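Listed here are the chains, written in short residue letters.
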Amino acid sequence: MSRKTTYLVSFASFLAVASAPIANATPVQVEAPHLTAPSFTGPLASRTTLIAAPPRHLSKVSWWGGTYAVPDGEQVSIHISAGYPEADALAREWADFFGGIPHGKELSLAQVYIAPLAEVEELCSSEDVLGCYGGQTLVMVGDSTAGVQPASIAAHEYGHHVAANRVNTPWLALDWGTKRWATQAGICSRVGARTAFPGDEGLNYSLNPGEAFAEAYRVLVETHGTALGYDWPIVDPSFRPDAPALAAVQDDVLHPWSASTTKTIRGQFLHRHRTWTMTVATPLDGDLRIRVAVPGGGGDDVTLLSTDGRTVLARSSWDGSGGKAAGYRVCGARSVRVRVTRGPGLARFSLRVVAP
């Protein structure tokens, strides 16, 4: 996955937390750039990669760091390679960084490993990458020797971590992006048109919406949500976010979508009318299911139509519980027309609407 952030930010003071060494008791002093604080400038020139499981061989590197508290009550685990001088002090600086970017409860699940490029390539089992993410574990380069500022990598990778801990049923948020952002970006429609390829870390990397979401999160951090003055070097320009897209990202970070909502609508056929219609809003992409039930039982049908009423999207069938239901995968439509056709039974009916 690709990672980038150009974001100048000042952090509030944090609780002092002692740095506990991991593996070796003494950091190795080697030649490496001295980092007084994470840097927030510079383009992201190389990509990182998404992996199915935590990176291998972490135990082969000597790490300093531990778990650090941040002001909102969350915590983050930071591990700095002993290949950097003053690794224990850097761990606190990176804890401040991750604590200061938009996050939710997923922060406490993150395991962050920061190491020189050669170690990152070995840990990620790939050459010419600046980091990798998998299994709640983020590995990244901690200096700018690769021509990319480390905070840029960190913000992009953390975007993947956000997606890995969000729900976008019926799709995988890590590959498709989070629910509101994916809806705003039209990912479902784009997949159908073959202009987006979820989960493709190969030839279609630049058209992978999982990467586009991580970059959009990076831009959210970089521009404070304004979408002004940022670069977009690794993902196709068609995914480039505007302010509404960044607002969707932030909403998904701070107020995660968790499940479809259910509501009941009661209706009645008037006089001799055989049909009843209404428009149902579908603000988010996902699976819509509408069930019609008649008190005491009945054979009313429900049909889902396009908003103009001309195209049939889905017809109902018996669902085995005394009513009929129709299901439809919303993919870009922000409303559908519901038509109920009267069967034997009472004029009154109810609709159970389950929508994303």
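This text follows the structure it describes.
This report concerns the structure included in the present document. (Residues numbered from 1 in each chain as written. Predicted model: local features only at pLDDT ≥ 70, side-chain atom pairs only at ≥ 80, totals over all residues. Heavy atoms only, no water.)

Before going further, it helps to spend a moment on the overall build of the protein. Tallying secondary structure elements over the protein gives eight helices and 16 strands in all. Within the span of the protein, comprising 356 residues, buried residues form 52% of the whole. Sequence separation of 24 or more characterises 73% of the internal contacts of the protein that already satisfy a separation of 6 or more. (Helix = DSSP H or I, 4+ residues; strand = E, 2+ residues; numbered from the N terminus. Buried < 20%, exposed > 50% of the residue type's maximum accessible area, 1.4 Å probe, protein only. Contact = heavy atoms within 4.5 Å.)

Spatially, four strands are ordered β9-β15-β11-β12 in an open sheet, and the strand pairing comes out antiparallel. Strands with a single pairing partner mark the edges of an open sheet, and in this sheet they are β9 (275-281) and β12 (312-315). Strand-to-strand twist in this sheet, taken as the mean axis angle between neighbours without regard to direction, amounts to 25°. (Pairing = 2+ DSSP bridges. Axes fitted to C-alpha atoms, helices over the stretch in contact; angles between N-to-C directions.)

This brings us to helix α8 (residues 243-254). Compared with an ideal rise of 1.5 Å per residue, which puts 12 residues at 16 Å, α8 spans 16 Å between its outermost C-alpha atoms and is within 8% of the ideal. Within the sequence span of α8, burial applies to Ala 245, Leu 246, Ala 248, Val 249, Asp 252 and Val 253. All buried residues of α8 lie within an arc of 155° about the axis, which places them on one face of the element. (Expected span 1.5 Å × (residues − 1). Arc of directions from axis to C-beta.)

The next thing to look at is the packing of helix α3 (residues 150-164) against helix α7 (residues 209-223). Contact pair α3 / α7: the axes reach a minimum separation of 8 Å and the direction vectors enclose 125°. With respect to α7, the axis of α3 lies oblique. Relative to α7, α3 is oriented so that their crossing is right-handed. Contact residues: Ser 152, Ala 155, His 156, Tyr 158, Gly 159, His 160, Val 162 and Ala 163 in α3; Gly 210, Glu 211, Phe 213, Ala 214, Glu 215, Tyr 217 and Arg 218 in α7. The class makeup of the residues in the contact of α3 with α7 is seven nonpolar, five polar and three charged. (Parallel < 35°, antiparallel > 145°, perpendicular 65-115°, else oblique. Left-handed = near helix turned anticlockwise from the far one by under 90°. Nonpolar A, V, L, I, M, F, W, Y, C, P; charged D, E, K, R; others polar.)

The next point concerns the pattern of salt bridges. The final tally for this structure, using the stated rule, is 12 salt bridges. The partner of Asp 251 in a salt bridge is Arg 180, and the shortest N-O contact between them spans 3.3 Å. Of this pair, Asp 251 sits in helix α8 while Arg 180 sits in helix α5 (residues 179-184), and the two are 71 residues apart along the sequence. What makes Asp 251 partly exposed here is its relative accessible area of 29%. By sharing partners, the salt bridges in this structure join Glu 215, Arg 218, Glu 222 and Asp 231 into a single network. (Salt bridge = Lys/Arg side-chain N within 4 Å of Asp/Glu carboxyl O.)

Here we come to α7. Compared with an ideal rise of 1.5 Å per residue, which puts 15 residues at 21 Å, α7 spans 20 Å between its outermost C-alpha atoms and is within 8% of the ideal. Of all 15 residues making up α7, 15 are buried, and the element is well covered by its neighbours. The opening residue of α7 is Asn 208, an N-cap whose side-chain oxygen sits 2.8 Å from the backbone nitrogen of Gly 210. Where α7 terminates, the next one or two residues include His 224, which has phi positive at roughly 60°. (Polar contact = N/O pair within 3.5 Å; in protein donor to acceptor, adjacent residues only side chain to side chain.)

In the segment running from Thr 169 into Pro 170, the intervening peptide bond is cis, with an omega of 10°. Even without glycine at this site, Gln 136 takes up a positive phi of about 65°. Mapping Gln 136 onto the fold places it in the loop between β6 (131-134) and β7 (137-141). Its identity is not glycine, yet His 224 carries a phi of approximately 60°, on the positive side. Looking at the element boundaries, His 224 is found in the loop between α7 and α8.

The next thing to look at is the state of the cysteines. Counting across every chain of the model gives two disulfides. Residue pairing for Cys 124: its cysteine sulfur links by disulfide to Cys 132, the two sulfurs lying 2.1 Å apart. Negative torsions about the S-S bond denote left-handed disulfides, and the value of about -80° found for Cys 124 with Cys 132 makes this one left-handed. Here Cys 124 and Cys 132 have matching classes, each one buried. The disulfide bridge from Cys 188 ends at Cys 331, spanning 2.0 Å between sulfur atoms. Disulfide Cys 188-Cys 331: the torsion about the S-S bond is -115°, which places it as left-handed. With a gap of 143 residues between them, Cys 188 in helix α6 (residues 187-192) and Cys 331 in the loop between β14 (324-330) and β15 (335-341) connect regions that are remote in the sequence. (Disulfide = S-S within 2.5 Å.)

Our next topic: the packing of aromatic side chains. What the rule picks out here adds up to 11 aromatic pairs. Measuring from ring centre to ring centre gives 5.6 Å for Trp 181 and Phe 213, while their planes differ by 70°; the resulting arrangement is edge-to-face. On the criterion of sequence distance, the pair formed by Trp 181 in helix α5 and Phe 213 in helix α7 is long-range, its members being 32 residues apart. Overall, the relative accessible area of 1% leaves Trp 181 in the buried class. An aromatic cluster of three or more residues is present, and its members are Trp 94, Phe 97, Phe 98, Tyr 158 and Tyr 217. Just above the ring of Phe 239 sits the side chain of Arg 190; from NZ or CZ to the centre is 3.9 Å. Geometry around Tyr 230 places Arg 240 over its ring, the cationic atom sitting 4.3 Å from the centre. (Phe/Tyr/Trp six-rings, centres within 6.5 Å; stacked < 30°, edge-to-face > 60°. Lys NZ or Arg CZ within 6 Å of the ring centre and 35° of its normal.)

Read across the sheet, five strands follow the order β8-β16-β10-β14-β13 without closing on themselves; strand pairing throughout is antiparallel. The sheet is open, and its two edges are formed by β8 (261-268) and β13 (317-318), each paired on a single side. Direction of pairing for β8 relative to strand β16 (residues 348-355): antiparallel, over a ladder of eight bridges. Within β16, the position partnered with Gly 267 by the bridge is Phe 349.

Everything listed here is a matter of geometry and, on its own, says nothing about what the molecule does.
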